[in-house]
Amino acid sequence: MRTPTTLISFRWLLALLATVAAHGDEVIYPGYRWSTLGDGLYLHSPISPLAGPVDSNSVVIVTGDGVWVVDTHINPAVSRAVIAQIQRVTEQPVTHVVNTHWHDDHTNGNHAYRQAFPDAKIIAHKSTLAAMRREWPAMIAQRQQAYAPLEADQILAAADKLDDAEAALGYRIYAGYVAALKPELPELQLVYPDTLVEDRLEVQYGNRRIIVEWLGRGNTHGDVVVWLPDDGVLITGDLLVAPIPYAFDSPMADWIETLERLAATGARTLVPGHGAVQRDNQYLERVMSLLRATVTGVRKARQSGIPFSELSGAVDLSSHEQGFVGGDPERAYAWRTYYLAPGLKSAWTSLGFPVPDPQ
Ligand SMILES: [Zn+2]
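Here the structure is a predicted model, which means the values were calculated and not measured.

Rules used in this analysis
- Residues numbered from 1 in each chain as written.
- Predicted model: local features only at pLDDT ≥ 70, side-chain atom pairs only at ≥ 80, totals over all residues.
- Helix = DSSP H or I, 4+ residues; strand = E, 2+ residues; numbered from the N terminus.
- Buried ≥ 20, exposed ≤ 12 C-beta atoms within 10 Å, placed from the backbone.
- Contact = placed C-beta atoms within 7 Å.
- Axes fitted to C-alpha atoms, helices over the stretch in contact; angles between N-to-C directions.
- Parallel < 35°, antiparallel > 145°, perpendicular 65-115°, else oblique.
- Nonpolar A, V, L, I, M, F, W, Y, C, P; charged D, E, K, R; others polar.
- Left-handed = near helix turned anticlockwise from the far one by under 90°.
- Pairing = 2+ DSSP bridges.
- Right-handed = clockwise from strand over helix to strand, strands pointing away.
- Expected span 1.5 Å × (residues − 1).

Draft legend 1. Fine view of the overall build of the protein. If you tally the helices and strands in the protein, you get eleven helices and twelve strands. Counting only C-alpha atoms and orienting by the principal axes, one finds that the protein spans roughly 85 × 50 × 35 Å. Here the protein holds 359 residues, and the buried ones make up 42% of them. Considering only intrachain contacts with a sequence separation of at least 6, the fraction spanning at least 24 residues in the protein is 68%.

What follows is the structure in structure tokens.
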């Protein structure tokens, strides 16, 4: 039987553990890490940002007058875990959700927030809403149709039989999508932003100054950043992604100038859309240098009469590749799949050159 003394000790131990948990990293959903960025500022992020499903970071800002959440993950089950954690760290409701851009790894969880907090406003740039209306339903329908007949275990077993290591890596990432999203997609409701930002929204909310700002076209046409000037923290969305940038259908030429404006904010802490928090501008500068080299290389290739089909052999980004990849197979796959192939095409089209139809 438990004596009063041991009961007090047990309670004290629980309180101590809760304190340690509040200040340290925690796993509240398998494969993700909940960490503290500052006072009332939390980050929920995939532990391995390049593993499947490729998912966004999500930032929780407790203001003293409601909670703001920036980006809502690809999987509503993960969002529900974040909501449960928010309810452990504060009694305040979520009042605002920001979608930094339209991609489903930043927006699928909107559904979970709308269910838990029906009055929460969902903020995005007007181009983001337009892109969501145009692209999101088809993207989700395509995922649902593709994943329905598949089993993640079978894809993993098939990956084990492949001799081609890069192809096997692609299979494993895909298995991650199937495992995470197949149970969720049939129930997923697409919840759209209801509060639009054109250029800048600045508010004092409780004890925090929050600026939601469109700095220009970048990874998409409608990326907004969330800037907490008093905290020195800038949440970048996919304008900045680590350890490898993503460049699908990106207006690359504009993106460089947008990142110059981002650098000029003077933020001390950059929270990328994916990957590790940056405490200085070194990584940002490497990405800017890569984007400049890509756009310059593509422009020169075009001026030399190189056709689009021969672009990858004509634009040499190997010195940048070495810095980003550094011999790591996961990063090599991400470099080729998420940056090099889509980035060359994006640079080509963003310079106004036509892409021939596939034969
Ligand atoms: Zn993303």
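Draft legend 2. Representation of the environment of Ala84 in the model. Relative to the helices and strands, Ala84 resides in helix α2 (residues 76-89). Here Ala84 falls in the exposed class, since 12 other C-beta atoms lie within 10 Å of it. Measuring from C-alpha to C-alpha, the distance between Ala84 and Thr296 comes to 47 Å, with 212 residues separating the pair along the chain.

Draft legend 3. Here's a closer look at the packing of helix α6 (residues 165-181) against helix α11 (residues 329-350). Viewed as axis vectors pointing N to C, α6 and α11 meet at an angle of 80°, and their least axial separation amounts to 10 Å. What the angle tells us is that α6 and α11 run roughly perpendicular. Residue-level contacts link Ala165, Glu166, Leu169 and Gly170 of α6 to Pro329, Glu330 and Tyr333 of α11. Here the residues of the contact of α6 with α11 are counted per class, giving four nonpolar, one polar and two charged.

Draft legend 4. Quick look at the packing of helix α7 (residues 252-263) against helix α8 (residues 282-303). Here α7 crosses α8 at 155°, and the two axes come no closer than 9 Å. Regarding the angle of α7 to α8, the classification is roughly antiparallel. The interaxial crossing formed by α7 with α8 has left-handed handedness. Facing α7, whose interface residues are Met252, Ala253, Trp255, Ile256, Leu259 and Ala263, α8 presents Leu284, Val287, Met288, Leu291, Arg292, Thr294 and Val295. Of the residues contributing to the contact of α7 with α8, the split by class is eleven nonpolar, one polar and one charged.

Draft legend 5. Molecular detail of the pairing of strand β5 (residues 94-98). Within β5, four of the five residues are buried, which leaves the element mostly enclosed by the surrounding structure. Two elements, strand β4 (residues 67-70) and β5, share four bridges in a ladder whose sense is parallel. Counted as the bridge partner of Val70 is Val98 from β5. Pairing geometry for β5 and strand β6 (residues 121-125), over three bridges, is parallel. In the strand pairing of β6, His96 is matched with Lys121. Note that the unit made of β5, helix α3 (residues 110-116) and β6 has a crossover that is right-handed.

Draft legend 6. Structural detail: the pairing of strand β8 (residues 200-205). With zero of six residues buried, β8 is to be regarded as a mostly surface element. As defined by bridge partners, β8 adjoins strand β9 (residues 208-213) across six bridges and the pair is classed as antiparallel. Directly across from Leu201, in β9, lies its bridge partner Val212. Linking β8 to β9, which pair antiparallel, is a turn of two residues; within it Gly206 sits at a positive phi near 60°.

Draft legend 7. Molecular detail of α8. A rise of 1.5 Å per residue sets the reference length of α8, with its 22 residues, at 32 Å; its end C-alpha atoms lie 32 Å apart and thus fit the reference within 8%. Among all positions in α8, only Tyr283, Leu284, Val287, Met288, Leu290, Leu291, Thr294, Val295, Val298 and Ala301 are buried. Turning to α8, the residues buried within the fold contact β11 (233-241), α7, β12 (269-274), α9 (311-314), α10 (318-325) and α11. Of the residues flanking the end of α8, it is Gly305, one or two places downstream, whose phi is positive at about 85°.

Draft legend 8. Quick look at the sheet that holds β4. With respect to topology, seven strands assemble into an open sheet ordered β1-β2-β3-β4-β5-β6-β7, the strand pairing being mixed. Single-partner strands in this sheet number two, and they are β1 (32-38) and β7 (195-197). Along the sheet, successive strands turn relative to each other by an average axial angle of 20°, direction set aside. On top of the sheet, α2 reaches β1, β2 (41-46), β3 (58-62), β4 and β5; it is set at about 20° to β3, its chief contact. Packing against the sheet, helix α4 (residues 126-147) makes contact with β6 and β7, and its axis sits at approximately 100° to β6.

Draft legend 9. Up close: the sheet that holds β8. Reading across from one edge, β8-β9-β10-β11-β12 is the order of the five strands in this open sheet, with mixed pairing throughout. Pairing within the sheet leaves two strands with one partner each, and these edge strands are β8 and β12. Ignoring which end each strand starts from, the neighbouring axes of this sheet average 25° apart. Here strand β10 (residues 225-228) pairs with β11 via three bridges, running antiparallel. Directly across from Val226, in β11, lies its bridge partner Ile235.

Draft legend 10. Focus on unusual backbone geometry. The omega torsion of the bond from Gly52 to Pro53 falls at -5°, within 30 degrees of zero and hence cis. Mapped onto the secondary structure, Pro53 falls in the loop between β2 and β3. Cis geometry is found at the peptide bond from Ala242 to Pro243, where omega equals 5°. Within the fold, Pro243 resides in the loop between β11 and α7. In this model, Asp71 sits at a positive phi of 70°, which is unusual for a non-glycine residue. Relative to the helices and strands, Asp71 resides in the loop between β4 and α2. When the 30 C-beta atoms within 10 Å are taken as the criterion, Asp71 is described as buried. One non-glycine residue, Asp249, lies in the positive phi region at around 50°. The topology assignment puts Asp249 in the loop between β11 and α7.

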